[in-house]
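# Architecture and fold: a report
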Amino acid sequence: MACRITLPRTTLSPSPSSSSAPSFLPPNPLFHVTTLRFRTLRKCFPFEKPLSVSASASASASSTSNSLRALVFDCDGVILESEHLHRQAYNDAFAYFNVRCPSSSQSQQPLYWDSDFYDDLQNRIGGGKPKMRWYFGENGWPSSTILEKPPEADEDRAKLVDTLQDWKTERYKEIIKSGTVEPRPGVLRLMDDAKAAGRKLAVCSAATKSSVILCLESLIGFERFQSLDCSLAGDDVKEKKPDPSIYLTASKRLGISPQDCLVVEDSIIGLQAATGAGMSCVITYTSSTADQDFKDAIAIYPDLSDVRLKDLELLLENVVPAS
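Residues numbered from 1 in each chain as written. Predicted model: local features only at pLDDT ≥ 70, side-chain atom pairs only at ≥ 80, totals over all residues. Heavy atoms only, no water.

An unreviewed UniProt entry annotates the protein chain as Haloacid dehalogenase-like hydrolase domain-containing protein At4g39970 originating from Carya illinoinensis. As stated in UniProt under Sequence similarities (unreviewed entry), the record for the protein chain gives "Belongs to the HAD-like hydrolase superfamily. DOG/GPP family." (UniProt positions renumbered as here; feature names shortened; annotations may be inferred.)

What follows is the structure, encoded as structure tokens:
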């Protein structure tokens, strides 16, 4: 018997106005929701097995079965639940620079992305600059203390987006360094098990390189970070997820064929990037991605707390090659 969680979703539209700018480090409203949901699922499923297994995984290994030689993690959403932290940093940037879009409902006050809107936005568009460019394209390019008038030239628009993204990244780093953020359950153990078993280990994130380095050093520790066989960020490839470039690049740098790599992702964007690169993918979803369509994943977990390296090896061995 299967339990499926469905959360209400919103469409991409400007968020309602907010009466005040957000505080620097607000409580995380998702924590209690996520904890309750995971406890509920544990009553329904024995976690020595995945929550869901794709039809593409056969009951027995074929003669052409794959071998797990590299384990590849996404960062945001997989190693840490970060959506609310990124949203906080963006809203702080919008308030700091008094960013106001002329055609939005917030034209008289700084832009503010609420949680429902940001969940939808970040699950559709990868990368911070593309998010802002999409939003400003839909709602009008804003005035700000960066540029008094809404930019019209491509050069001025690039300056606005670059400045906002740089400031947002620094704010996000401050939040990560605050000591209030911890890795998601099971991540560190699974990384250690993979290294102990002689498997290659990589992290591929769409975030900026400086942000990824800080997150990894702070959350998995300096020694684990240094022991990674490959670490890639959005700066390292021309196209962001769901484009497969970052995973194809990882495969080349690792010297491992895509079919022998297993990716751990949390969203449909990451899943599409992994499968587009010819890699199998397992999902460990968050509260903001729980209701996405993960039919192409070979397994779906609410977290990695009871997932062992052997479980992942067996899953990959039993994947039926595409005809």
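## Digging into the pairing of strand β2 (residues 70-73)
Burial along β2 is two-sided: the residues Ala70 and Val72 and Leu71 and Phe73 are all buried. Bridge count between β2 and strand β5 (residues 261-265): four bridges; the pairing is parallel. Within β5, the position partnered with leucine 71 by the bridge is leucine 262. (Buried < 20%, exposed > 50% of the residue type's maximum accessible area, 1.4 Å probe, protein only. Helix = DSSP H or I, 4+ residues; strand = E, 2+ residues; numbered from the N terminus. Pairing = 2+ DSSP bridges.)

## As for the environment of valine 212
Locating valine 212 in the fold gives a position in helix α7 (residues 209-219). On the basis of relative accessibility, which here comes to 2%, the residue valine 212 falls in the buried class. Along the sequence, valine 212 and aspartate 76 sit 136 residues apart, while their C-alpha atoms lie 8.8 Å from each other. With sequence-adjacent residues up to four places away left out, valine 212 is seen in contact with Ser205, Ala207, Ser231 and Ala233. (Contact = heavy atoms within 4.5 Å.)

## Let's talk about the pairing of strand β3 (residues 200-204)
Counted residue by residue, β3 has four buried out of five residues, so it is predominantly covered. Of the pairings in the sheet, the one linking β2 to β3 comprises four bridges and is parallel in character. Bridge pairing in β3 places leucine 71 opposite leucine 201. Bridge analysis of β3 against strand β4 (residues 230-232) gives three bridges, and the strand direction is parallel. From the neighbouring strand, alanine 202 faces β4, where its bridge partner is cysteine 230.

## A word on the pattern of salt bridges
Evaluated as defined, the whole model comprises 13 salt bridges. Put simply, aspartate 74 and lysine 241 hold a salt bridge, and the shortest N to O gap is 3.0 Å. Remark: lysine 241 occurs in the loop between β4 and α9 (245-254) and aspartate 74 occurs in the loop between β2 and α2 (83-96); sequence separation between them is 167 residues. Classification of aspartate 74 as buried rests on a relative accessible area of 6%. The exposure class assigned to lysine 241 is buried, which follows from its relative accessible area of 7%. When salt bridges that share partners are traced, they join Asp74, Lys241 and Glu265 into one network. (Salt bridge = Lys/Arg side-chain N within 4 Å of Asp/Glu carboxyl O.)

## Here's the deal with α9
Among the residues of α9, Ile246, Tyr247, Ala250, Ser251 and Leu254 are the ones counted as buried. Seen from one end, α9 has its buried residues packed into an arc of 140°, which puts them on one side. Relative to its buried face, α9 has exposed residues pointing more than 90 degrees away, namely Lys252 and Arg253. On its buried face, α9 is in contact with β2, β3, β4, β5 and α10 (268-276). Looking one or two places after α9, you find glycine 255, whose phi comes out positive at around 70°. (Arc of directions from axis to C-beta.)

## What about helix α11 (residues 309-317)?
The set of residues buried in α11 consists of Leu309, Leu312, Glu313, Leu315 and Leu316. Along α11, the residues classed as buried sweep out an arc of 165° about the axis, all on the same side.

## Comments concerning unusual backbone geometry
A cis amide bond links lysine 241 to the next residue, proline 242, at an omega of 15°. By secondary structure assignment, the location of proline 242 is in the loop between β4 and α9. Positioned with a positive phi, asparagine 98 is a non-glycine residue whose angle comes to about 50°. Inspection of the secondary structure puts asparagine 98 in the loop between α2 and α3 (115-122).

## Here we look at the nonpolar core
By size, the foremost hydrophobic cluster in this structure holds 42 residues, and its most contacted members are Leu71, Phe73, Ile79, Leu216, Val282 and Leu312. Considering each element in turn, this core owes the most residues, five residues, to α7. (Core = buried A, V, L, I, M, F, W, Y, C linked by side-chain atoms within 4.5 Å.)

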